[in-house]
Amino acid sequence: MNLNTEKCAAEFRGVSFTYNKGIAYEKKAVRSVSLKIYGGCVTGLIGSTGSGKSTLIKMLNGLVKPDEGEVIVDGTNIWDKKVKIRDVRFKVGLVMQYPEYQLFDETVSEDIAFGPKNMGISGDELKRRVAEAAKFSGLDPDLLEKSPFDISGGQKRRAALAGVIAMTPSLLVLDEPAAGLDPAGRREILGRIKNYQRESGNSVVIVSHSMEDVAKYCDRLAVMNKGEIVLYDETDRVFSHGEELRDMGLDVPEITKVAEELARLGVDVGNDVYTVKYAAERLIEKYGLGK
Amino acid sequence: MNFDVAFGQYCEGDSILHRLDPRAKIIMSLLYIVDVFLAKNVFAFALLTSFTVAMAVLSRIKPRILLRGLKPVIFIMIFTGVINVFWYRGAEGAKPLVDWWIFTIYPAGILNAVLIVLRVVLLIAGTSLILTYTTTPLALTDGLERLLSPLAKIKVPVHEFSLMMTIALRFIPTLIEETGKIMDAQKARGASFSEGSLVKRAKALIPVLVPLFASSFRRADELAVAMECRCYRGGKGRTRMNVLKATFKDFAGVIVIILLGVSLVLLNKYTDAFALGF
């Protein structure tokens, strides 16, 4: 893992946000969060329902304006008067929850072209981007001329993902990209996102509920609880806080539970294993049971 | 995007206004509208205003919420106010207050404008106090269905209409939320809804409207299936969980509004004060 901690893709500086400020249903969604999202890696954002994850990531591209604090993208405060918020949205590509419901154009390829067209791209460059984005998200070329309402759910999800990737954002943010997909679909879409990160060298933020998914695909993890970031570290270190995670209504991956159980039985492989492969390596390293 | 629409904004509470039978409240608000237009002179307006204020106090709804409900009609209020200031002269031979270029303002004009604007304010505040703020949308359609049920005898599908209304009301917040989500998603792809010419802005709505329609149809389909699964077959032979029962206080409420109207007519007739010009 070559983690480029020097390069910072985006940063929150003490941001807060309250919904329905001033009326009866006031709700503090984000409470003075400071967080640096590093470049060239996949960052996972986990937290129980209502912990403020979605609000926080909507701040990254200016869909939500923080009441307090600053959001820094590419070294500039996105709410600076000189910054056009649309330009920020081209740099930070946001794929919302259930993005398949935002498809609207007559054909899949035209829908994918919507973002780049808004950026002012046309002609061959536009075609190239659409084709490339479709390839990245695993869309069959012969689907491109179909109506987005005639393709299957999983294909719609990929088309919506392609629509954001086609803008080549330097930071790709996805809100539960695998929600509602079957296991094969989950693996496929998350694998493609990871692949996109590796090949393009851009940064990715994934919001998820699934501990298995973030364990497998994320280099760093941020844990949110009641509007605050409570843990932010490399994935293995975050999962070594099993007790705290469970207190917040979250969990650890199954293999971490196995490791915890093993430790209780006297076989200490460490409480920070989070993938099966890693657990096996640890066991071999410690007890030499490999051969 | 801000949705400040005070549509069906029910304010939870347990005041006498909240507890009235929805049928009584529908009749009361209709009569109240008549009352508002009956008021002609300053004394009548004073009575009507104090009556409405008394209702506001009784309902225990915060004044701030009431004022917010007036926000959408501010433009209409200003417009009618300004028009009336310039157009009404009052009695023949009255002296103008201002006479400059094409603008002539008479004292009667100002008073007239004030009363007209007051009429709009009372109309909205009063009806929302009796109906929308204190009645749940469900109780409202329920009451309407019962009030209109005699029409079922002449083959008017009253139950179906009220069901359609209930469903429509139920889905307004859902659709507002959905619209917000889709707009956010398209904004994230660089769509802009507040720039460019009118045609350009109208075109910018296509990426919002198409998914919104698609999801509405999907929802309608799902709802129909869910209703069929629970053996819904229309209004015939359906019983209700909450049967509306009119009590003394419901009749009293209607009578109070009628009495208000009578007193307004009497005040118009027997007191001598400035009256609306038309």
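All values derive from a computational prediction rather than experimental measurement.

A.B. asks: Got a sec to walk through empty space enclosed by the protein? Specific residues and values, please.
C.D. replies: All names here are of chain A. Throughout the structure, instances matching the rule amount to 1 cavity of 30 Å³ or more. Lining the largest cavity, in full, are Phe12, Leu35, Ile37, Thr43, Leu45, Leu56, Ile57, Leu60, Val205 and Ala222. Put simply, the parts of the chain that give the lining of the largest cavity at least two residues each are strand 2 (27-39), strand 3 (42-47) and helix 1 (53-60). Broken down by element, the residue count for the lining of the largest cavity peaks at 3 residues, all from helix 1. Residues of the lining of the largest cavity, tallied by class, amount to 9 nonpolar, 1 polar and no charged.

A.B. asks: Describe the side chain of Gln197(A), with residues and values.
C.D. replies: Along the chain, the position of Gln197(A) falls in helix 6 (residues 183-200). Setting aside chain neighbours within four positions, we find Gln197(A) in contact with Gly40(A), Cys41(A), Val42(A), Asn202(A) and Val204(A).

A.B. asks: Give me the lowdown on the nonpolar core, citing residues and values where you can.
C.D. replies: Residue and element names in this part refer to chain A. In this structure, Ile112, Leu139 and Phe239 are the most contacted members of the largest nonpolar core, which totals 50 residues. With 6 residues, helix 5 (residues 153-165) is the single largest residue contributor to this core. The residues contacting leucine 139, other than those within four sequence positions of it, are Val108, Ile112, Ala134, Leu144, Gln155, Arg158, Ala159 and Ala162. Val33, Leu56, Met59 and Leu63 belong to the second largest nonpolar core, which has 32 residues in total.

A.B. asks: Outline the interface of chain A and chain B, listing residues and values.
C.D. replies: Facing 22 residues of chain A, the contacting portion of chain B comprises 19 residues. A combined buried area of about 1800 Å² lies between chain A and chain B, and 58% of that area is made up of carbon and sulfur atoms. Considering only the surface of chain A that becomes buried against chain B, Tyr101(A), Gln102(A) and Phe104(A) emerge as the three largest contributors, covering 30% of it. Between the two partners, chain A and chain B, sit 2 salt bridges. Asp184(B) is paired through a salt bridge with Lys58(A); the nearest N and O atoms lie 3.9 Å apart. Those elements that provide at least two residues to the side of chain A that touches chain B are helix 2 (85-91), helix 3 (108-118) and helix 5 of chain A. Top element by residues in the side of chain A that touches chain B is helix 3 of chain A. It accounts for 4 residues. Residue composition of the side of chain A that touches chain B, grouped by class: 12 nonpolar, 6 polar and 4 charged.

A.B. asks: Outline helix 11 (residues 276-287) of chain A, supporting the account with residue identities and numerical values.
C.D. replies: The α-helix advances 3.6 residues per turn, and as a result positions three or four apart in sequence lie on the same side. The first and last C-alpha atoms of helix 11 of chain A sit 16 Å apart over 12 residues, in line with the 16 Å expected at 1.5 Å per residue. Taken from the residues just after helix 11 of chain A, Gly288(A) is the one with a positive phi, measuring 60 degrees.

The rules we used
For every chain, the first residue of the written sequence is number 1, and numbering continues from 1 onward in sequence order. Each chain is given a letter, starting from A, and each ligand a number, starting from 1, according to the order in which they appear as written. Residue-level local features of this predicted model are given only where pLDDT is at least 70; pairs of side-chain atoms are given and counted only at 80 or more, and the full residue set underlies all totals for whole chains, interfaces and linings. Heavy atoms throughout the structure, all of them, feed into the side-chain values; hydrogens and water do not. Lining residues are defined by having an atom within 4 Å of a point belonging to a cavity or pocket. Those points lie on a 1 Å grid over the protein atoms alone, cavities being sets where a 1.4 Å probe fits but cannot get out and pockets being open sets with protein on both sides within 12 Å along at least five of seven lines. Grid points are joined across faces, edges and corners, and a volume is the space filled by probe spheres set on the points. Helix and strand labels come from DSSP, where a helix needs a run of H or I of at least four residues and a strand needs a run of E of at least two; each type is numbered from the N terminus. Amino acid classes used here: Ala, Val, Leu, Ile, Met, Phe, Trp, Tyr, Cys and Pro are nonpolar; Asp, Glu, Lys and Arg are charged; the rest, including Gly, are polar. Note on contacts: a residue pair is in contact if any heavy atoms of the two residues lie within 4.5 Å. We call a set of buried Ala, Val, Leu, Ile, Met, Phe, Trp, Tyr and Cys residues a nonpolar core when their side-chain atoms join them within 4.5 Å. For the exposure calls, accessible area comes from a 1.4 Å probe over protein chains only, and a residue counts as buried if that area is under 20% of its type's maximum, exposed if over 50%, partly exposed in between. A simple way to read buried area is as the amount of 1.4 Å-probe accessible surface that goes missing from two parts once joined, with both sides added. Counted as salt bridges are all cases of a side-chain nitrogen of Lys or Arg within 4 Å of a carboxyl oxygen of Asp or Glu. What a helix is expected to span follows from its residue count: subtract one and scale by 1.5 Å.

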